[in-house]
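In case you want the letters, here they are:
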Amino acid sequence: MAKLRVGLVFGGQSVEHEVSIASATSILRALDPARYEVLLVGIDRNGGWRLGSGTSPGEALRSGRPVWLAPAGPPGGPGAAAPALMPAGSGGAPPPAEPLDVVFPIVHGTGGEDGRLQGLLELVGVPYVGAGVLGSAVQMDKDLAKRLLRDAGLPVVPWCTFSRAEIDATPEAALRRAAQIGIPCFAKPANCGSSVGISRVDRAEALLPALREAARYDAKVLLERAVAARELEVGVVGNDEPVASVVGEIVPHAEFYDYRAKYRDGRTELLVPAPVPEPTAERARSLALRAFRALEGRGLARVDFFLERSTEALFVNEVNSLPGFTEVSMFPRLFEASGLPYPALLDRLIELALEHAEHRRRVALEAPER
Ligand SMILES: Nc1ncnc2c1ncn2[C@@H]1O[C@H](COP(=O)(O)OP(=O)(O)O)[C@@H](O)[C@H]1O
Ligand SMILES: [Mg+2]
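Residues numbered from 1 in each chain as written. Chains lettered and ligands numbered in written order. Predicted model: local features only at pLDDT ≥ 70, side-chain atom pairs only at ≥ 80, totals over all residues.

Counting its regular elements, the protein contains twelve helices and 16 strands. Taken over the C-alpha trace, the protein has a radius of gyration of 22 Å; the compact-globule value for 370 residues is 21 Å, and the two agree within 12%. On the principal axes, the C-alpha backbone points of the protein span a range of 65 × 60 × 50 Å. Across the 370 residues that make up the protein, the buried fraction comes to 45%. Sequence-distant contacts, at least 24 apart, represent 62% of the contacts inside the protein between residues at least 6 apart. (Helix = DSSP H or I, 4+ residues; strand = E, 2+ residues; numbered from the N terminus. Rg over C-alpha atoms; globule rule 2.2 N^0.38 Å. Buried ≥ 20, exposed ≤ 12 C-beta atoms within 10 Å, placed from the backbone. Contact = placed C-beta atoms within 7 Å.)

Given below as structure tokens:
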């Protein structure tokens, strides 16, 4: 059987560029070479696409040749017969087009996880792993995500939203509105990730600086009541019939799970499975599936929770459509512990991408005859 040609797309222009390279490195190592031919496609910090000739994502970014992604050409015409990576630039005999069967976009954060990259993949007509345009976009936007979760009857922490314009032009009004949330609270950019731009506010004087800091990363900012909570995470995989993994727990040895605790200090513990009573785990798993559906999940997601210490109430914090994906990241570990080892998880995600593409082909595009 011919090998499946997988475009592993990574890097990107977000604050999670490096995290994405780490995820791609692990995925490349684990994809079965007997089944897949992997094309490494790095998106550099300027947004340029580079096709690697070597074997490491870092090298693809440094010395890969410029390419762009094109839809299939007309039958018999010039260009590739399938969606393909085309050589960019001119001069000399151009290298051949590189057709793709499926794309595994592992670009975390802005531009990669928010529906924009998915929109490009849709237009080009190539099957891809993970949530679609709408699901990616609503899962990325913390304000819209929370509105949809609340609307679906799921528990979320009380919050209010501010525009950067309001914070800049009428800070007193913003502070008056912030009073409904109270202190302590968390200020965060609506669209970001990796805890960038997030701060915990413990006193009134720190409120406005925290809102301004968050507004550096997005024109929309959330203020959320702080909950004294344990942090639980559940993996979800599937399309129409998603399944939930066992529950994991994050134990940051920091005031909260900030950027340092996520990537730098090496002290954060990932407990799989989480040491919680079975009914709590079952509740988290069931909420995770409901949250996945409420936010148009597809393929995969990691659903993050707060388990309030005093009340044992669970709140859905966020749903991540492209969670960290190194072998030691929470998402693959959750499925490993659920009986789906890393390479089999990758096989399953690619299978789900192809399955969805097949469903899509069956969507009628013609207007009904009158
Ligand atoms: N309302 C809250 N109460 C308590 N801790 C919070 C709250 N919001 C965020 N945090 C802390 O900040 C971290 C990052 O916030 P999160 O909303 O998950 O943003 P990101 O998308 O950057 O991961 C959380 O994992 C948690 O440690
Ligand atoms: Mg988070």
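From this point, the narrative continues.
Okay, the site of ligand 1 next. Around ligand 1 sit 19 residues in total, of which Phe-186, Ser-195, Glu-224, Phe-256 and Tyr-257 are the nearest. Listed by contribution, the elements that provide at least two residues to the shell around ligand 1 are strand E9 (185-189), strand E11 (220-225), strand E12 (229-238) and strand E16 (314-320). Taken together, the residues of the shell around ligand 1 sort by class into nine nonpolar, four polar and six charged. Here the shell around ligand 1 spans two domains, and each of domain 2 (148-153 + 228-358) and domain 3 (158-225) adds at least three residues to it. (Near = placed C-beta within 6 Å. Nonpolar A, V, L, I, M, F, W, Y, C, P; charged D, E, K, R; others polar. Domains from an automatic or database assignment.)

Turning next to helix H4 (residues 133-140). The buried fraction of H4 amounts to six of the eight residues, a majority that puts the element mostly inside the structure. When we look at burial in H4, the residues that qualify are Gly-135, Ser-136, Ala-137, Val-138, Gln-139 and Met-140. In this structure, the buried side of H4 is in contact with helix H3 (116-124), helix H5 (142-151), strand E15 (299-308) and E16.

The next thing to look at is the sheet that holds E9. If you walk across this open sheet you meet the four strands as E8-E11-E9-E10, and the pairing is antiparallel. With one partner strand each, in any of the chains shown, strand E8 (159-163) and strand E10 (199-201) form the two edges of the open sheet. Adjacent strand axes in the sheet meet at a mean angle of 25° when their direction is disregarded. Note: E9 against E10, three bridges, orientation antiparallel. Its bridge partner lying in E10, Phe-186 is registered against Arg-200. Against the sheet, H5 engages E8, E9 and E11, with an angle of about 50° to E11. (Pairing = 2+ DSSP bridges. Axes fitted to C-alpha atoms, helices over the stretch in contact; angles between N-to-C directions.)

Another aspect to go through is the pairing of strand E4 (residues 65-70). Bridge analysis of strand E3 (residues 49-51) against E4 gives three bridges, and the strand direction is antiparallel. Paired with Trp-49 across the bridge in E4 is Val-67.

As a further point, take the nonpolar core. Counting 78 residues, the largest nonpolar core has Leu-8, Phe-104, Ile-106, Ala-291 and Val-303 as its most contacted members. Counting the residues that make up this core, at least three belong to each of domain 1 (4-128) and domain 2 (148-153 + 228-358). Look past the residues within four positions of Leu-8 in its chain and what remains in contact with it is Ala-24, Ile-27, Leu-28, Val-38, Leu-39, Leu-40, Val-41, Phe-104 and Ile-106. By size, the runner-up hydrophobic cluster in this structure holds 22 residues, among which are Cys-185, Phe-186, Val-201 and Ala-214. (Core = buried A, V, L, I, M, F, W, Y, C linked by C-beta atoms within 7 Å.)

This paragraph deals with the environment of Pro-87. Its place among the elements puts Pro-87 in strand E5 (residues 84-87). Classification of Pro-87 by C-beta neighbours within 10 Å gives partly exposed; the count is 17. Taking the C-alpha atoms as reference points, Pro-87 and Arg-50, separated by 37 residues in sequence, lie 9.5 Å from one another. Ignoring sequence-local partners within four residues, the contact set of Pro-87 consists of Arg-65, Val-67, Pro-94 and Pro-95.

Time to look at the domain arrangement of the protein. If you check the domain split of the protein, you get domain 1 (4-128), domain 2 (148-153 + 228-358) and domain 3 (158-225). On a C-alpha basis, the centres of domain 2 and domain 3 stand 26 Å from each other. Contacts between the two partners involve six residues from domain 2, matched on the other side by five residues from domain 3. Tallied by class, residues from the side of domain 2 that touches domain 3 come to three nonpolar, no polar and three charged.

This part takes up the sheet that holds E4. Pairing between the strands of a sheet is mediated by backbone hydrogen bonds and can be parallel or antiparallel. Strand order in the open sheet formed by seven strands is E6-E5-E4-E3-E2-E1-E7, with mixed pairing between adjacent strands. Across the chains shown, the open sheet's two edge strands, defined by having one partner strand only, are strand E6 (98-99) and strand E7 (102-105). Both strand E1 (residues 4-11) and E7 contribute to a ladder of four bridges, which runs parallel. The residue of E7 that forms the bridge with Val-9 is Pro-105. Packed on one face of the sheet, helix H1 (residues 17-30) meets E1, strand E2 (36-43) and E7 and runs near 155° to E1.

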